[in-house]
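What follows is the residue order along each chain.
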Amino acid sequence: MTNERDKGTPEGGERILRVPPSLRCRVSSWKKLVLFFTVVFGSGFLATACDTGNNNQSTTASAGNQPQTALVNQSAKNGNQTTIKIAYVKWALLPIVRERGTLEKELASQNIQIGWVGPFPNFAPLLETLNARSTDIASGGSIPVITGLAGGADICLLAYRPPDVKSQTIIVPKNSPVRQVTDLIGKKVAVNKGGGGELLLLQALKQAKISENKVERVYLGPTDALPALLQGHVDAWSIWDPGLSTAEEKYGARRILQNNPAPSYGVYVVRRPVLAEHPQAVKAILDIFKKEGDWATENPQQSATILEKAMGLSPAVIKRVVANRPPEKVLPLESKVIADIQEVADWMVEQKVIPKRIDVASAVCPATN
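Note that this is a predicted model, so its numbers are computed, not measured.

K.L.:
Looking at this structure, how should I read the nonpolar core?
P.N.:
Burial of nonpolar side chains together is a common tendency in soluble globular proteins. Judged by nonpolar contacts, the single largest core of 77 residues is most densely connected at Ile-86, Leu-103, Ile-114, Leu-157, Val-270, Ile-285 and Phe-289. The biggest single contributor to this core is helix H12 (residues 279-298), with nine residues. Formed by 16 residues, the second largest nonpolar core is a distinct cluster that contains Val-172, Leu-184, Val-191 and Val-215.

K.L.:
In this structure, what is going on with the environment of Leu-127? I would like to understand it.
P.N.:
Tracing the sequence through the fold places Leu-127 in helix H6 (residues 123-131). When its relative accessible area of 11% is taken as the criterion, Leu-127 is described as buried. Residues Leu-127 and Gly-148, spaced 21 residues apart in sequence, show a C-alpha to C-alpha distance of 6.9 Å. In this structure Leu-127 touches Pro-144, Gly-148, Ala-153 and Ile-155, once residues within four positions along its chain are discounted.

K.L.:
Explain the side chain of Asp-241 to me, please; I cannot follow it from the model alone.
P.N.:
In this fold, Asp-241 is placed in the loop between strand E10 (236-240) and helix H10 (243-251). Only 2.6 Å separates the side chain of Asp-241 from the side chain of Ser-245, close enough to count as a polar contact. For Asp-241, the side chain forms a polar contact with the side chain of Asn-324, separated by 3.0 Å.

K.L.:
Looking at this structure, how should I read the pairing of strand E6 (residues 155-161)?
P.N.:
Two faces belong to every sheet, and in a regular strand the side chains alternate between them. Counting buried positions over the seven residues of E6 gives seven, a clear majority of the element. Alignment of E6 against strand E12 (residues 266-271), held across six bridges, turns out to be antiparallel. Looking across to E12, one finds that Cys-156 is bridged to Val-270.

K.L.:
Whenever I open this one, the environment of Ile-171 confuses me. Can you help?
P.N.:
Looking at the element boundaries, Ile-171 is found in strand E7 (residues 168-172). Placed 76 residues apart in sequence, Ile-171 and Ala-247 show a C-alpha to C-alpha distance of 8.5 Å. The residues contacting Ile-171, other than those within four sequence positions of it, are Leu-229, Ala-236, Trp-237, Ile-239, Leu-244, Ala-247, Ala-253, Arg-254 and Arg-255.

K.L.:
I would appreciate a short explanation of the packing of aromatic side chains in the present structure.
P.N.:
To describe a pair of aromatic rings, one takes the distance between the centres and the angle between the planes. If you walk through the whole model with that rule in mind, you get three aromatic pairs. Seen from their ring centres, Tyr-88 and Trp-116 are 5.6 Å apart, and the 90° between their planes marks the pair as edge-to-face. Here Tyr-88, found in strand E3 (residues 81-89), pairs with Trp-116, found in strand E4 (residues 112-120); they are 28 residues apart in sequence, far enough to count as distant. One exposure class covers both Tyr-88 and Trp-116, and it is buried. Aromatic pair Tyr-268 and Phe-289: ring centres 5.6 Å apart, planes at 40°, arrangement tilted. Of this pair, Tyr-268 sits in strand E12 while Phe-289 sits in helix H12, and the two are 21 residues apart along the sequence. Grouping residues by exposure puts Tyr-268 and Phe-289 together as buried. Positioned above the aromatic ring of Trp-295, the side-chain terminus of Arg-100 is 3.8 Å from the ring centre.

K.L.:
Help me out: how do you make sense of unusual backbone geometry in this one?
P.N.:
Excluding glycine, residues mostly carry a negative phi; peptide bonds, for their part, are mostly trans. Each neighbour pair has its own omega, and for Gly-118 with Pro-119 the value is 5°, a cis peptide bond. You will see that Asn-111, though not glycine, has its phi angle at about 60°, which is positive. Along the polypeptide, Asn-111 turns up in the loop between helix H5 (102-107) and E4. Asn-111 gets classed as partly exposed once you look at its relative accessible area, which sits at 34%. The backbone of Lys-352 sits at a positive phi, close to 60°, despite the residue not being glycine. As for its placement among the helices and strands, Lys-352 is situated in the segment after helix H15 (335-350).

The rules behind the values
- Residues numbered from 1 in each chain as written.
- Predicted model: local features only at pLDDT ≥ 70, side-chain atom pairs only at ≥ 80, totals over all residues.
- Heavy atoms only, no water.
- Core = buried A, V, L, I, M, F, W, Y, C linked by side-chain atoms within 4.5 Å.
- Buried < 20%, exposed > 50% of the residue type's maximum accessible area, 1.4 Å probe, protein only.
- Helix = DSSP H or I, 4+ residues; strand = E, 2+ residues; numbered from the N terminus.
- Contact = heavy atoms within 4.5 Å.
- Polar contact = N/O pair within 3.5 Å; in protein donor to acceptor, adjacent residues only side chain to side chain.
- Pairing = 2+ DSSP bridges.
- Phe/Tyr/Trp six-rings, centres within 6.5 Å; stacked < 30°, edge-to-face > 60°.
- Lys NZ or Arg CZ within 6 Å of the ring centre and 35° of its normal.

Here it is in structure tokens:
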């Protein structure tokens, strides 16, 4: 999912870097001359002397091996061809787009090549690749994007996805006496510090007119929070998918909130220099994202099959994840959405999660028309 959060998911094994097939030259009358210069000057000469015949293939790089990623997916114009590198996490729309190959099919005629980098377990390492200029476009939750902007990331917001209403909530063990938010007084709740989980809890307490200091916040990431909940070290957990669906399906965890009182948006971002240099390529990609979002929304079962493969979770858990998700719409940023994200950004300053206030409106990308 693109979502708020530096939200973690179970991390898969390290993937092997795949590069396009070996370059091939056609045999010609100057074959011997080519071979001579190859021996003298190395394989770099052969690469430039050959017609690859694979200009429209996408490349995939391991999220755990960034030096190789940067080399293989170096964004540049090769003649008339433009390469755009897209970083993606294990959930949400982008794994679906990658699996379907729609970008590659529709952009080949425009000499736009797509490089996929990932999957990443969450947005934090993905943001590092944007900062390192080894990726160009990505999607994530508004909270980690705000963190990146406050840290000086040279990115802007292209579009948004409707907020998570059902895929973020507070859960308790199945036999817990806690039934509602007011029952949390004097209890311990696991949250991710300065993230969507902590914001959700504080908003729930505010709605229930409960002082923040009457509930103890225990700062844990998803990997540690689930066993802490099951072993009774915390009484509740403020969590999102897929951790939410995993806890419900496998361990019978129970919600004490049906809807998220602080729904978070997913956002699509691009590095500003890439947008400035390749505005039409970025626009073409965004247009396809929009169509793919419509397809994913209209074909939930097929989307679930793709996500099951991408996320490595059981069909039962994936079924819950898909049922919880908002529509995979890719929408232009509007004033209400910008205001909502600004409110979260201001809260993050108050909580000292980020060092300074950011102006979300100024972080919206200029039009690409």
